Amino acid sequence: DQSIEAFQLVKDRLDSYPKINYMIAKSFLEMGKLDKALEFAELEIKKNPKIPEGYFITGEILTKKEQWPQAIKSLEKAVTIDFSYVEALVALGKLKRMQNSYEQSRELLLRALKQEPNNPIIHKELGYVYRAVGQGVLAAESFKTYLTLMPSATDRSEIEALIRATQ
């Protein structure tokens, strides 16, 4: 609530300030207020259609609302605007994996990995993709890298079980 108040003060003074509606949308998303988040995400797109953040956050909200086709479309738009936008690449890669589009998922995640090779989430997602296509060695390697980069991972026992199952 406090972050939204602070962002709203900026918005009141500088209504078209880039990413301000994105930040408000992101705050509402974190609070689980999806409709309110979507309202500000759409406002970000309207005010700043040439930057990817509005499309990205819209995709994240629509994912939470389980509106997969619209989420994919929005995330694809974000990636079209910024080919190397890691958060959008990872979110889109995850959705593609959930749709069993493993090759597309892998390509998106590898693009993200080129930008941020030490991002643990990318390695974990790649592990899931490799596991799904029967590439156990690569899956185990990706999961181990995830755990190395994220030593305090809350899902450590689950990932360790996946490593044992893929070897």
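Cut-offs and rules
- Residues numbered from 1 in each chain as written.
- Predicted model: local features only at pLDDT ≥ 70, side-chain atom pairs only at ≥ 80, totals over all residues.
- Heavy atoms only, no water.
- Helix = DSSP H or I, 4+ residues; strand = E, 2+ residues; numbered from the N terminus.
- Buried < 20%, exposed > 50% of the residue type's maximum accessible area, 1.4 Å probe, protein only.
- Polar contact = N/O pair within 3.5 Å; in protein donor to acceptor, adjacent residues only side chain to side chain.
- Contact = heavy atoms within 4.5 Å.
- Salt bridge = Lys/Arg side-chain N within 4 Å of Asp/Glu carboxyl O.
- Axes fitted to C-alpha atoms, helices over the stretch in contact; angles between N-to-C directions.
- Parallel < 35°, antiparallel > 145°, perpendicular 65-115°, else oblique.
- Left-handed = near helix turned anticlockwise from the far one by under 90°.
- Nonpolar A, V, L, I, M, F, W, Y, C, P; charged D, E, K, R; others polar.

S.K.: Would you explain the side chain of Lys96 in this entry?
M.R.: Its place among the elements puts Lys96 in helix 6 (residues 86–98). You can call Lys96 buried: its relative accessible area is 10%. Among the polar contacts made by the side chain of Lys96, one reaches the side chain of Gln104 at a distance of 3.4 Å. If we ignore the near neighbours within four places in the chain, the residues touching Lys96 are Ile72, Glu76, Ser101, Gln104, Ser105 and Leu108.

S.K.: How should I be thinking about the pattern of salt bridges in this particular structure?
M.R.: In a structure, side chains of opposite charge can pair up when their charged atoms sit close to one another. A full pass over the atoms with the stated rule returns 8 salt bridges. The residue Lys36 makes a salt bridge to Glu39 at a minimum N-O spacing of 3.6 Å. Residue Lys36 and its partner Glu39 are located together in helix 3 (residues 34–47), separated by 3 residues, close to a single helical turn. According to the relative accessible area criterion, Lys36 is partly exposed, its value standing at 36%. Here Lys124 ties to Asp155 by a salt bridge, and the two come within 2.8 Å at their closest N and O atoms. Here Lys124 is found in helix 8 (residues 120–132), whereas its partner Asp155 is found in the loop between helix 9 (136–149) and helix 10 (156–166), with 31 residues between them in sequence.

S.K.: I tried to follow the packing of helix 6 against helix 8 on my own but got confused; where do I start?
M.R.: Geometrically, a packed helix pair is captured by the angle between its two axes and the distance between the axes. Viewed as axis vectors pointing N to C, helix 6 and helix 8 meet at an angle of 20°, and their least axial separation amounts to 11 Å. In terms of their interaxial angle, helix 6 and helix 8 are classed as roughly parallel. Crossing of helix 6 over helix 8 shows left-handed handedness. Residues Val86, Val90, Lys94 and Arg97 of helix 6 touch helix 8, and the partners they reach there are Ile121, Ile122, Glu125, Tyr128 and Val129. Residues that form the contact of helix 6 with helix 8 fall into these classes: 6 nonpolar, no polar and 3 charged.

S.K.: Would you mind showing me how to read the environment of Phe83 here?
M.R.: As for its position among the elements, Phe83 is in the loop between helix 5 (68–81) and helix 6. When the C-alpha atoms of Phe83 and Ser105 are compared, they prove to be 15 Å apart, with 22 residues separating the residues in sequence. In this structure, Phe83 is in contact with Leu89 and Arg111, ignoring residues within four places of it in sequence.

This is a description of form; function is not addressed.
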